[in-house]
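Here is what each chain is made of, one letter per residue.
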Amino acid sequence: MPMMPRSLLWNRTDLPGADHVLLDDRRGLLARGVALAVDPLPYTCRYEVTTDETWATVRLEVSVEGAGWLRSIRLERAAGRWRASTAEQGDLDAALAAAGKPPAGIPGIEEPHRLADALDVDLGGAPLFNTLPVRRLGLRTATPGAVHRLTVAWVLVPSLVVVPSEQVYTVLEGGNVRFLDDGFEAELRLDQDGYVVDYPGLAERVGTEVRR
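Conventions used here
Residues numbered from 1 in each chain as written. Predicted model: local features only at pLDDT ≥ 70, side-chain atom pairs only at ≥ 80, totals over all residues. Heavy atoms only, no water. Helix = DSSP H or I, 4+ residues; strand = E, 2+ residues; numbered from the N terminus. Rg over C-alpha atoms; globule rule 2.2 N^0.38 Å. Buried < 20%, exposed > 50% of the residue type's maximum accessible area, 1.4 Å probe, protein only. Contact = heavy atoms within 4.5 Å. Areas by Shrake-Rupley, 256 points an atom, 1.4 Å probe, with all protein chains shown as cover. Lys, Arg positive; Asp, Glu negative; His and termini not counted. Charge placed at Lys NZ, Arg CZ, Asp CG, Glu CD. Phe/Tyr/Trp six-rings, centres within 6.5 Å; stacked < 30°, edge-to-face > 60°. Salt bridge = Lys/Arg side-chain N within 4 Å of Asp/Glu carboxyl O. Polar contact = N/O pair within 3.5 Å; in protein donor to acceptor, adjacent residues only side chain to side chain.

Student: If you had to explain the overall build of the protein to someone new, which residues and values would you point to?
Tutor: Secondary structure assignment for the protein yields two helices and 15 strands. Computed over its C-alpha atoms, the radius of gyration of the protein comes to 17 Å, within 12% of the 17 Å expected for a compact globule of 212 residues. By principal-axis analysis of the C-alpha atoms, the protein measures approximately 50 × 40 × 40 Å. Residues counted as buried form 46% of the 212 residues belonging to the protein. Contacts spanning at least 24 positions in sequence make up 45% of the contacts within the protein whose residues lie at least 6 apart. As displayed, the protein has an accessible area near 10,300 Å², and 51% of this comes from carbon and sulfur atoms. Separation of charge centres in the protein, based on 23 positive and 30 negative side chains, amounts to 6 Å.

Structure follows, in structure tokens:
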């Protein structure tokens, strides 16, 4: 397992939780993260994302674990096609029912061809993933007012259901962006490398970034 030269940490602001990421972005992105949250029930989410040198995603692996259940998914893109493989131990839906919550559904995606236009992935609750289109499209240094409409492979957590998501990124002054997804809107404050510093309603970065 390669050592990572950078470390970022976010606190969730919408609910108790945190997200710690180790990454190498010298040629595209290789990142490993661990996220903790309490809703819809307590879980630990571990993920690894790999892009090519243009920052287009080629692979995402995610596992989510709670009391009595574990789900995992592997998404890969090759030759313009996405492939998903999933596994489950225990019963997440039973755990949700016991907590009075609705069922999660079946992990993965039944019709991968619906992701044909997606070059980016988005993992629910993880601010790192907004950086993928920001870096791929050069939004940090783009002209304010520029608008990009994208299809993204959105992975819901903790269910690991994958859906195509239509997202809009608008470049703002200072290299920040406005993010719009199915009626949800937020102005994301970015650092000089395009990583989220403040995501209103979701997370804010804390501590000092570590680089080696």
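Student: Report on the packing of aromatic side chains, specifying residues and quantitative values.
Tutor: Applying the stated criterion across every chain yields a total of four aromatic pairs. A centroid spacing of 6.2 Å and a plane angle of 70° characterise the contact between Phe179 and Tyr199, whose relative ring orientation is edge-to-face. You can see Phe179 sitting in strand β11 (residues 177-181) and its partner Tyr199 sitting in strand β13 (residues 196-199), a full 20 residues away along the chain. For the pair Phe179 and Tyr199, one class covers both residues: buried. Through a chain of ring-to-ring contacts, three or more aromatic side chains come together here, namely Tyr169, Phe179, Phe184 and Tyr199.

Student: Kindly report on the side chain of Asp19, identifying the contributing residues and their values.
Tutor: Along the polypeptide, Asp19 turns up in strand β2 (residues 17-24). Despite its burial, Asp19 remains without a salt bridge, the nearest opposite charge being carried by Arg12 at 7.1 Å. Within the structure, the side chain of Asp19 is placed 2.9 Å from the side chain of Tyr47, a separation counted as a polar contact. If we ignore the near neighbours within four places in the chain, the residues touching Asp19 are Leu8, Leu9, Trp10, Val34, Ala35, Tyr47, Gly125, Ala126 and Pro127.

Student: Pulling in residues and values, what's your account of unusual backbone geometry?
Tutor: A cis amide bond links Asp39 with the next residue in sequence, Pro40, at an omega value of 10°. Note that Pro40 resides in the loop between β3 (30-37) and β4 (43-51). Look at the link from Val157 to Pro158: it is a cis peptide, with omega at 10°. Structurally, Pro158 can be placed in the loop between β9 (147-155) and β10 (162-171). At Trp55, a residue that is not glycine, the phi angle is positive and equals roughly 75°.

Student: How would you sum up the environment of Arg77? Please name residues and give values.
Tutor: Secondary-structure assignment places Arg77 in strand β6 (residues 69-78). Put simply, Arg77 and Ala118 are 41 residues apart on the chain and 9.3 Å apart in space, counted from C-alpha to C-alpha. With residues up to four places along the chain from it excluded, the contact list for Arg77 reads Asp52, Ala56, Thr57, Val58, Trp82, Ala118 and Leu119. At a separation of 2.8 Å, a polar atom in the side chain of Arg77 contacts the main-chain carbonyl oxygen of Thr57.

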